[in-house]
Protein chains: 2
Amino acid sequence: MDWNAVVAANVKRLRIERGLTQEQLAHEAEIDLTYLGGIERGRRNPSVEVLGRIAAALGCHASSLLHDG
Amino acid sequence: MDWNAVVAANVKRLRIERGLTQEQLAHEAEIDLTYLGGIERGRRNPSVEVLGRIAAALGCHASSLLHDG
DNA sequence: ATGTGACTTATAGTCCGTC
DNA sequence: AGACGGACTATAAGTCACA
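All values reported here derive from a predicted model rather than from experimental measurement.

Asks: Even after reading the chapter, I still don't get helix α3 (residues 33-40) of chain A, so can you show me in this structure?
Replies: Because each turn of an α-helix spans 3.6 residues, side chains separated by three or four positions in sequence point in the same direction. Every buried residue of α3(A) is listed here: A:L36, A:G37, A:G38, A:I39 and A:E40. Those residues of α3(A) hidden inside the fold are in contact with α1 (3-17), α2 (22-29) and α4 (48-58) of chain A.

Asks: Whenever I open this one, the environment of A:N45 confuses me. Can you help?
Replies: Among the structural elements, A:N45 can be located in the loop between α3 and α4. The exposure class of A:N45 is partly exposed, given its relative accessible area of 31%. Taking the C-alpha atoms as reference points, A:N45 and A:V7, separated by 38 residues in sequence, lie 9.1 Å from one another. Residue contacts for A:N45: discarding those within four places in its chain leaves A:N4, B:S47, B:V48 and B:E49. Engagement of the side chain of A:N45 in a polar contact is seen with the backbone nitrogen of B:E49, the distance being 3.1 Å.

Asks: Where do I start with the protein's contact with DNA strand D in this structure?
Replies: The local shell around DNA strand D holds 16 residues, among which A:Y35, A:S47, B:R15, B:Q22 and B:R41 are the closest. Sugar plus phosphate: this is where 64% of the atoms of DNA strand D within 4 Å of the protein reside. One nitrogen or oxygen atom from the side chain of A:R53 is found 3.3 Å from a phosphate oxygen belonging to DNA strand D. One of the side-chain nitrogen or oxygen atoms of B:R41 is found 3.3 Å away from a sugar or linking oxygen of DNA strand D. Secondary structure elements with two or more residues in the surface near DNA strand D: α3 and α4 of chain A together with α2 (22-29) of chain B. Across the surface near DNA strand D, the residue classes tally to three nonpolar, six polar and seven charged.

Asks: What exactly am I supposed to notice about the nonpolar core here?
Replies: Within soluble globular proteins, side chains that are nonpolar generally end up buried alongside one another. Core analysis: the biggest nonpolar cluster contains 43 residues, and A:I54, A:L65, A:L66, B:I54, B:L65 and B:L66 have the highest contact counts within it. Going through the elements one at a time, α1, α2, α3 and α4 of chain A together with α1 (3-17), α2, α3 (33-40) and α4 (48-58) of chain B are the ones with two or more residues in this core.

Asks: How do you make sense of the relation of the copies chain B and chain A when you look at a structure like this?
Replies: Both copies of the chain are related through a single rotation about an axis accompanied by a shift along the same axis. The transformation that overlays chain B on chain A combines an axial shift of 0.1 Å with a rotation of 179 degrees, and the residual RMSD is 0.1 Å. The operation mapping one copy onto its partner corresponds to a two-fold rotation axis. Of all interface residues in chain B, 100% are interface residues in chain A too; the two copies therefore contact each other through one and the same surface.

The rules we used
- Residues numbered from 1 in each chain as written.
- Chains lettered and ligands numbered in written order.
- Predicted model: local features only at pLDDT ≥ 70, side-chain atom pairs only at ≥ 80, totals over all residues.
- Heavy atoms only, no water.
- Buried < 20%, exposed > 50% of the residue type's maximum accessible area, 1.4 Å probe, protein only.
- Helix = DSSP H or I, 4+ residues; strand = E, 2+ residues; numbered from the N terminus.
- Contact = heavy atoms within 4.5 Å.
- Polar contact = N/O pair within 3.5 Å; in protein donor to acceptor, adjacent residues only side chain to side chain.
- Near = heavy atom within 4 Å.
- Nonpolar A, V, L, I, M, F, W, Y, C, P; charged D, E, K, R; others polar.
- Core = buried A, V, L, I, M, F, W, Y, C linked by side-chain atoms within 4.5 Å.
- Least-squares fit on C-alpha atoms with pLDDT ≥ 70 in both.

Listed below in structure tokens is the structure:
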């Protein structure tokens with residue numbers, strides 16, 4: 001199971017559902033725009049803390065970002 | 001929200017429910033024994049990939065490790 | 001608005017030990 | 001069986017210029 005790909009898909013899906021750009025979400029989550037882009041492409045292996053910040057910015061629970069489809 | 005503390009509590013609870021030692025779980029998850037100990041004490045900030053390996057070793061979904069109580 | 005490579009610094013993660 | 005520390009090495013965190 002490639003968990004980074006799961007996180008990537010969930011972050012991208014939820015971000016678009018909320019009508020946010022990568023730039024806006026990155027700003028909310030207080031992470032760099034290019035770093036968020038890397039996460040959405042599954043090229044990064046973020047820590048639990050970063051996952052939590054992104055979840056908070058998306059207004060969802062951190063565990064939601066690990067749900068596979 | 002301190003997600004590392006949430007992970008710590010969940011890993012410890014599930015490991016004990018399954019009657020495993022830290023040593024056994026660390027071996028199953030292919031992570032270092034002392035590192036797993038640090039995670040269970042909330043002193044570490046593991047990556048999503050490590051979270052997935054621990055979840056697999058515990059026989060649960062990775063998102064379970066982020067459920068708060 | 002996003003993808004990418006290269007980069008530096010911080011810390012994840014391992015291995016040795018002691019208590 | 002588990003907490004904790006020191007000294008490492010690998011990689012995450014965070015940033016940039018440019019496509």
